[in-house]
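The residues making up each chain are set out below.
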Amino acid sequence: MKYTQLGRTGLKVSRLVLGTMNFGPQTDEADSHAIMDAALDAGINFFDTANVYGWGENKGRTESIIGNWFAQGGERRDKVVLATKVYGNMAADGDAWPNHDKLSAVNIRRAVDASLKRLRTDHIDVYQFHHVDRNTPFEEIWQAIDVLVQQGKILYVGSSNFPGYKIAQANEAAARRGGTIGLVSEQCLYNLAERRAEMEVIPAAQEYGLGVIPWSPLHGGLLGGVIKKEVQGGRRASGRAADTLADPTARAQIQSYEDLLDKHGLEPGEAALAWLLTRPGVTGPIVGPRTAEQLASALRAVELELSQELLTGLDEIFPGPGPSPEAFAW
């Protein structure tokens, strides 16, 4: 496994991030534990989750699965850089009691204690804001975070799904307070088929020293060889991938992508991950394996070296927006 610093911090993290959103809803606890063991054995030390994972009446279930894994010992907790998130409504029926969601100081305090209990640990390494809270000023948010840092309950703070200007606002507010490190990472939707983050989110993250952690690196399976799998009688596309393939133009684009990688003798999903690892500012993509086989495929991406010819071909199929501000200015 290869490692890098998380943004401007001294924290070393693996170039792949283990996403745990499937733990509980799609992968049972025993298999989830086996995947985490395999990830740790392979050198992945950065695990990502969220308090709402488990969804519906099972919100919090994923954190509990991870907590039970930590409780098995074997230095599991000491070896893991643990990231979780706050913002979501934790009520099973979706009807949150006032102050039981978002980023008020009251909810941040409540949410971190609940996550620590489920995760069976005394601290969270990277505590992430799952979304922008338009009703809570950053001065209040940072005051709450400073208390948690002083208490030793969290070490670093990251954002998720923040636009570039909110990254700037958050870190400028932290700088005004003094003594607050501010955001150190941004978790955003970013992959070959969805490159809008290159316009402002990634430039802002680089300017303020945030590590970029792309989620949905295969764009809901669209970049994982979905057409080839259909032809071979494998798992059919669903969700975002199926919706995209219903458009003839988009289907032709994905077919061109798969044909290009077939020409280079590469698996589409592995190449899509490897492409992200070449992008400026990217710490590592989040991989969310449902099975041990999917984890093994993701691990191979770290060792792939993509030729300039292939990178050029990928840019031709999936052109990015171009540099900011030229991309939207002229």
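See the structure printed just above.
*Asks:* Can you tell me about the overall build of the protein, naming the residues and giving the values?
*Replies:* Assigned secondary structure in the protein consists of 14 helices and 10 strands. The globule rule puts the C-alpha radius of gyration for 330 residues at 20 Å, and the 20 Å found for the protein is close to it. If you line up the protein on its principal axes, its C-alpha atoms span 55 × 50 × 40 Å. The burial tally for the protein puts 51% of its 330 residues in the buried class. Across the protein, every contact between residues at least 6 apart in sequence was considered, and the portion connecting residues at least 24 apart equals 77%. Total accessible area on the protein is roughly 14,800 Å²; 49% of this is exposed by carbon and sulfur atoms.

*Asks:* Describe the pattern of salt bridges, naming the residues involved and giving the relevant values.
*Replies:* Enumeration over the complete set of coordinates arrives at 15 salt bridges. Across the pair arginine 77 and aspartate 125 runs a salt bridge whose closest N-O atoms are separated by 3.1 Å. Pair noted here: arginine 77 is in helix 3 (residues 76-79) and aspartate 125 is in strand 6 (residues 124-129), with a separation of 48 residues, a long-range link. Its relative accessible area of 12% is what places arginine 77 among the buried residues.

*Asks:* Lay out the nonpolar core with the relevant residues and their values.
*Replies:* Within the largest apolar cluster, 80 residues are counted, with the highest numbers of intra-cluster contacts made by Tyr127, Phe129, Trp142, Ile145 and Tyr257. Among the elements that take part in this core, helix 11 (residues 268-277) stands out by supplying seven residues, more than any other. When residues no more than four places from it in sequence are discounted, the contact partners of tyrosine 127 are Thr84, Lys85, Val86, Ile108, Ala111, Val112, Ile145, Ile154, Tyr156, Val157 and Gly158. Grouped together as the second largest cluster of nonpolar side chains are 12 residues, Phe46, Val81, Ala83 and Val126 included.

*Asks:* Could you give me a rundown of the sheet that holds strand 5 (residues 81-86), with the residues and numbers involved?
*Replies:* In spatial order, the strands read 9-8-7-6-5-4-3-10; together these eight strands make up an open sheet with parallel pairing. Sheet topology places strand 9 (211-215) and strand 10 (286-287) at the edges, where each strand pairs with a single neighbour. In terms of strand pairing, strand 6 meets strand 7 (residues 154-160) through five bridges, oriented parallel. Opposite phenylalanine 129, over in strand 7, you have serine 159 as the bridge partner. The strands that helix 4 (residues 105-119) touches are strand 5, strand 6 and strand 7; relative to strand 6, the one it contacts most, it runs at about 135°.

*Asks:* Hey, could you go over helix 12 (residues 292-301) for me, with residue numbers and the actual values?
*Replies:* When helix 12 is considered as a whole, its buried residues turn out to be Leu295, Ala298 and Ala301. The arc enclosing the buried residues of helix 12, seen along the axis, measures out at 105°, which places them on a common side.

*Asks:* Which residues make up the packing of helix 4 against helix 5 (residues 138-151), and what values do they have?
*Replies:* Where helix 4 meets helix 5, the closest approach of the two axes is 9 Å, and the angle between their N-to-C directions is 30°. As for how helix 4 packs across helix 5, the hand of that crossing is right-handed. Judged by residue contacts, Ala105, Ile108 and Val112 of helix 4 engage Glu140, Ile141, Ala144, Ile145 and Leu148 from helix 5.

*Asks:* An account of unusual backbone geometry is requested, with residue identities and associated values reported.
*Replies:* Here the amide bond leading from serine 324 into proline 325 is cis, since omega sits at 5°, within 30 degrees of zero. Locating proline 325 in the fold gives a position in the loop between helix 13 (308-317) and helix 14 (326-329). At asparagine 99, a position not held by glycine, the phi torsion is positive, near 75°. Tracing the sequence through the fold places asparagine 99 in the loop between strand 5 and helix 4.

*Asks:* Can you break down helix 7 (residues 201-208) residue by residue, with the values?
*Replies:* All of the buried residues along helix 7 are Val201, Ile202, Ala204 and Ala205. Here the buried residues of helix 7 occupy an arc of 160° about the axis, which is enough to place them on one side. At the C-terminal side of helix 7, glycine 209 shows a positive phi close to 75°.

Definitions and limits used
Residues numbered from 1 in each chain as written. Predicted model: local features only at pLDDT ≥ 70, side-chain atom pairs only at ≥ 80, totals over all residues. Heavy atoms only, no water. Helix = DSSP H or I, 4+ residues; strand = E, 2+ residues; numbered from the N terminus. Rg over C-alpha atoms; globule rule 2.2 N^0.38 Å. Buried < 20%, exposed > 50% of the residue type's maximum accessible area, 1.4 Å probe, protein only. Contact = heavy atoms within 4.5 Å. Areas by Shrake-Rupley, 256 points an atom, 1.4 Å probe, with all protein chains shown as cover. Salt bridge = Lys/Arg side-chain N within 4 Å of Asp/Glu carboxyl O. Core = buried A, V, L, I, M, F, W, Y, C linked by side-chain atoms within 4.5 Å. Pairing = 2+ DSSP bridges. Axes fitted to C-alpha atoms, helices over the stretch in contact; angles between N-to-C directions. Arc of directions from axis to C-beta. Left-handed = near helix turned anticlockwise from the far one by under 90°.

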